[in-house]
Amino acid sequence: MCDHLIRAAKYRDHVTATQLIQKIVNILTDKHGAWGSSSVSRPREFWRLDNWEDDLRRRRRFVRNPLGSTHSEATLKAAGEHVAGINVSEEDVLKGKRSIKSPAVAQQNCESDASLDGDDDTLSSLEEKELENFTAGPVNVSTAAQLVAPAAVVRGTVSITASELYFEVDEDEPAFKAIDPKILAYTEGLHGKWLFTEIRAIFSRRYLLQNTALEIFMANRTAIMFNFPDAATVKKVVHSLPRVGLGTNFGLPQTRRISLATPKQLFKASNMTQRWQRREISNFEYLIFLNTISGRTYNDLNQYPVFPWIITNYEADKLDLTLPSNFRDLSKPIGALNPKRAAFFFDRYESWDDDQVPKFHYGTHYSTSSFTLMWLLRMEPFTTFFLNFQGGKFDHADRTFSSVSRAWRNCQRDTSDVKELIPEFYYLPEMFVNTNTYNLGVMEDGTTVSDVELPPWAKTPEEFVRINRQALESEFVSCQLHQWIDLIFGYKQQGPEATRALNVFYYLTYEGAVNLSSINDPVLREAVESQIQSFGQTPCQLLIEPHTPRSSAMQVYLLLQTPLMFTEQMQQDVIMVLKFPSNSPVSHVAANTQPGQAAPAVLTVTASRVFAVNKWHGLAGHPSSAVQQQEQQQQQYQLPVEIDPLVANNMGSHRRQISDLLDQSMQISSQCFVVTADNRFILLCGFWDKSFRTYSTDTGKLTQIVFGHRDVVTCLARSESYIGGDCYVLSGSRDATLLLWYWNGKLSSIGESPATGITTPRAILTGHDCEVTCSCVCAELGLVISGCKEGPCLIHSMNGDLLRTLEAPEGCARPRLIQASAEGHCVIYYDKGQFGVFSVNGKLLGHMQVEDSIKAMLLSRDGQYLLTGGDGGVVTVLRVHDLKSLFTYPGCDAGIRSMAMSHDQRCIITGMASGSIVLFYNDFNRWHHEYQTRY
């Protein structure tokens, strides 16, 4: 064991050193690096899809690919050549291919729907005795395991200590030696080490239809998957790992019982269905949730997440999303949409006569590894995976995913094609573009297969994805999505209801169809495993009764809508104006008004560094019953924001004044301040000693001084907060660097040990060569976006890697403001009224110029709308995807210097140059409703 751990540590050190060298080379040779400009003939850059996942399990970031992506050696398959190594053809099944059933059939899966209440984190006495054998030394548990990666499954050893998890691959195994080195280069964790403090969620998983796997999600938004010898080992491993459950997203307790629960139990115990019905989460979010708990994972291409086809019209020049005929009937499986083809499958089922193979409608599945690789063919690492499975050749052009409309037609006509979609169709436009040098072949008409042919109504991949997502979230889909869920995850998945719905697949796609542990013959077992991998795998069944439908938009509107009591003010769109005694411009506004907040408030800071903690009462609304109406009439009328009494009465002014002097050359702006999520602390930069400082909003006293830069700190930004108030804080300086710090909500300080006075940044970002003027940090995307005095804007990862440059539109220089949404939209405001909108991967999506000099801007939470305000004193609402102006609020009598929005997004708060704040009533639903069906 000692030898094993020592060798593993050496391998990890080697891998870490190699990555560090590559990172240094990237920094130095980037065009913004030390040697960048001197490299005239730089080799072209190649990109690959990163493993980083956001909260909705989307992977959208492209990072540099040092392996290259030309694949110039890949040839084209001949038209008649069979697809090798990916998928067993349906004809093989229909010809009566010998089935391995009798000794391998498992008993029906009798999952217990036992209650998940209570904490089971105490083991039985037997289990405790078993574990005692492992606690004598540094390694508590050691077991054989397989690392399950997208294109390789490798054997090795999992070791667990009191604080760390290790995996060491067995490099001497013949199967490992036979794996293509190109595949291994894309396989993470071969010599892995993961700290317990990094583990955020642990899910039970299936591998080859056996409940013997675990998927572990890490703090860096990646996941690893292991398959173990048996279910008992899985339980032992879970009890040796931290008690994190499934994380905090699904309304479930963080217990080990939850990590070991069945998908059916998780579905029943979670609050996500109720949240979806109340329209608190989107259709996309709910489908991701169902895929996640039912065992679908990015680490196993045979169990990739599955999403439905939604749109049926791929030929029209314009797509009208108000016409039901443009939407697919979600009550039927993809194979039953065409009546003629449905009759064919019905006849097959009724006439099937085989003692070894049960009846089925479809010999192929709606989700297989081959389909996943086909959809994602144009991106690395999937191109390499595809070529590896295909014997080094691209498929024939006619069988390649080269046209969305052709793929849809094939799913309606071909009796061996019933595939559904993958989530990327709804968020990843890059999957439709061949950005690297792939030889994808030539079509019969002589055209090269490169980018995917899009429908006429979508001019760009970004537009196609946006409209596809808009259709997914439409009312037509919302009112019948539960019927598709019944087919894929629910009561129509198996049994008589599946037969009636024409929804029966080959038997080796279902859980409980085979028990691999009962097969002693290794040749027979390998054959069964091969068949399971070839035919696809049906998700775990989550419910055995019909799924309840989603509440209609109107129903939710009537239940939850609370119009303002002061209706006449709402009609004017201005709720209230609050004037502070000081005439100093309100340079910064922060609105931390989340439900459950101990002290919700709108915090303001003026240019003279006088701050006010103004209590937030919220927007009152019409009551839903006569009794409530009478009670509310008796209550005293109350405005949404109550001025800070210490400021209003000019009492205790020392508690509301930051008196420390700033560098004389600093111009105070909103970007000089950060307010923590609990409203208890203000962070301020611009001090002559090159520090930034933390002040208590209660006492006004200085609580921490943070040093790190070699020149004056010019801007601050913070990420969204985690549970407990933890967040990232980003500081930019005249020394051209940015430092990423971690704010500890529990200790209310930067760093883990403020008492020592020593703080260390999490990352140092070095891409700029002059003063940093604006920045933002998005922890969900794992990105830092920043701009310097003379340009350009850069995107770094939160690990410090310089990913790309945001090339400004012609005539744009000097970035001044940056906003990024969790949806991946980045809006940059440049000097002279210029705006640029970029994708998360650096593509310029839009550009416009306005007359006003903008001083503040905000993005809506979903990234669809942009709010701007400037010297003209006008707040404007724009649509992000085309920068079209939707609405302009009444002009104010002074310039706007800062802007914030309440947590429910119903109130816009602007800080004015006259020393007041103005509250505007906002309703994104009216923009969404009015423009939902147009583009």
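Above this note sits the structure.
Since this is a predicted model, take the numbers as computed values, not measurements.

**Thoughts on the overall build of the protein**
Tallying secondary structure elements over the protein gives 24 helices and 40 strands in all. Carbon and sulfur atoms make up 52% of the accessible area of the protein, which totals about 39700 Å².

**Focus: a nonpolar patch on the surface**
Together, Leu702, Ile705 and Phe707 line one region of the surface with nonpolar side chains, adding up to about 250 Å² of accessible area. Position of Ile705 among the secondary structure elements: in strand 20 (residues 702–707).

**A word on the side chain of Thr383**
Its place among the elements puts Thr383 in helix 13 (residues 382–389). Not counting residues within four places of it along the chain, the set of residues in contact with Thr383 comprises His71, Leu377, Arg378, Phe394 and Tyr438.

**Structural notes on the pattern of salt bridges**
Summed over all chains, the structure comprises 36 salt bridges. Of the charged contacts, one joins Arg279 and Glu475 as a salt bridge, the two residues approaching to 2.8 Å between their closest N and O atoms. Pair noted here: Arg279 is in the loop between helix 9 (272–277) and helix 10 (283–293) and Glu475 is in helix 16 (residues 475–478), with a separation of 196 residues, a long-range link. A residue is classified by how much of its surface remains accessible, and Arg279, at 23% relative accessible area, is partly exposed. In this structure Glu475 comes out as partly exposed when scored by relative accessible area, which is 34%. In this structure, Asp882 engages Arg879 in a salt bridge whose closest nitrogen and oxygen atoms are separated by 2.6 Å. Several salt bridges converge on common partners, so that one network encompasses Asp54, Arg58, Arg60, Arg469, Glu473 and Glu823.

**Thoughts on the sheet that holds strand 16 (residues 641–642)**
Here 4 strands make up an open sheet; going across it, the order is 13-14-15-16 and the pairing antiparallel. This sheet does not close on itself; its edge strands, each paired only once, are strand 13 (586–592) and strand 16. The pairing of strand 15 (residues 611–616) with strand 16 spans 2 bridges and is classified as antiparallel. Bridge pairing in strand 16 places Trp616 opposite Val641.

**Regarding the sheet that holds strand 18 (residues 681–684)**
Adjacent strands of a sheet form backbone hydrogen bonds with each other and so pair up, either parallel or antiparallel. One open sheet holds the 4 strands; their spatial order is 17-18-19-20, and the pairing between them is antiparallel. The strands lining the two open edges of the sheet, one partner per strand, are strand 17 (673–675) and strand 20. Averaged over all pairs of adjacent strands, the angle between strand axes in this sheet comes to 20°, irrespective of strand direction. In terms of strand pairing, strand 17 meets strand 18 through 3 bridges, oriented antiparallel. Across the sheet, Phe673 pairs through a bridge with Leu684, a residue of strand 18.

**Some thoughts on empty space enclosed by the protein**
Per the counting criterion, the structure on display carries 4 cavities of 30 Å³ or more. Considering only enclosed or pocket space, the largest cavity measures out at about 60 Å³ in volume. Together, Pro333, Ile334, Gly335, Tyr362, Tyr366, Val418, Glu420, Leu487, Ile488, Asn503 and Phe505 line the largest cavity. Looking at side-chain class alone, the lining of the largest cavity contains 8 nonpolar, 2 polar and 1 charged residues.

**Topic: the environment of Asn515**
Relative to the helices and strands, Asn515 resides in the loop between helix 18 (496–500) and helix 19 (522–535). Take Asn515: its relative accessible area is 27%, and that puts it in the partly exposed class. Separated by 13 residues in sequence, Asn515 and Val528 place their C-alpha atoms 9.9 Å apart. A polar atom in the side chain of Asn515 sits 2.7 Å from the side chain of Ser517.

**As for the nonpolar core**
If you look at the biggest cluster of nonpolar residues, it comprises 150 residues, and the most contacted ones within it are Leu165, Phe226, Trp375, Phe401, Phe425, Phe432 and Phe464. Ranked by residues supplied to this core, first place goes to helix 10 with 7 residues. In this structure, Phe611, Val706, Val713 and Cys727 belong to the second largest nonpolar core, which totals 29 residues.

How each quantity is defined
Residues numbered from 1 in each chain as written. Predicted model: local features only at pLDDT ≥ 70, side-chain atom pairs only at ≥ 80, totals over all residues. Heavy atoms only, no water. Helix = DSSP H or I, 4+ residues; strand = E, 2+ residues; numbered from the N terminus. Areas by Shrake-Rupley, 256 points an atom, 1.4 Å probe, with all protein chains shown as cover. Patch = residues over 30% accessible without salt bridge, like charges linked within 9 Å, V, L, I, M, F, W, Y side chains within 5 Å. Salt bridge = Lys/Arg side-chain N within 4 Å of Asp/Glu carboxyl O. Contact = heavy atoms within 4.5 Å. Buried < 20%, exposed > 50% of the residue type's maximum accessible area, 1.4 Å probe, protein only. Pairing = 2+ DSSP bridges. Axes fitted to C-alpha atoms, helices over the stretch in contact; angles between N-to-C directions. 1 Å grid on protein atoms, 1.4 Å probe; cavity = no way out; pocket = protein on both sides within 12 Å on 5 of 7 lines; lining within 4 Å. Points joined across faces, edges and corners; volume = space filled by probe spheres on them. Nonpolar A, V, L, I, M, F, W, Y, C, P; charged D, E, K, R; others polar. Polar contact = N/O pair within 3.5 Å; in protein donor to acceptor, adjacent residues only side chain to side chain. Core = buried A, V, L, I, M, F, W, Y, C linked by side-chain atoms within 4.5 Å.

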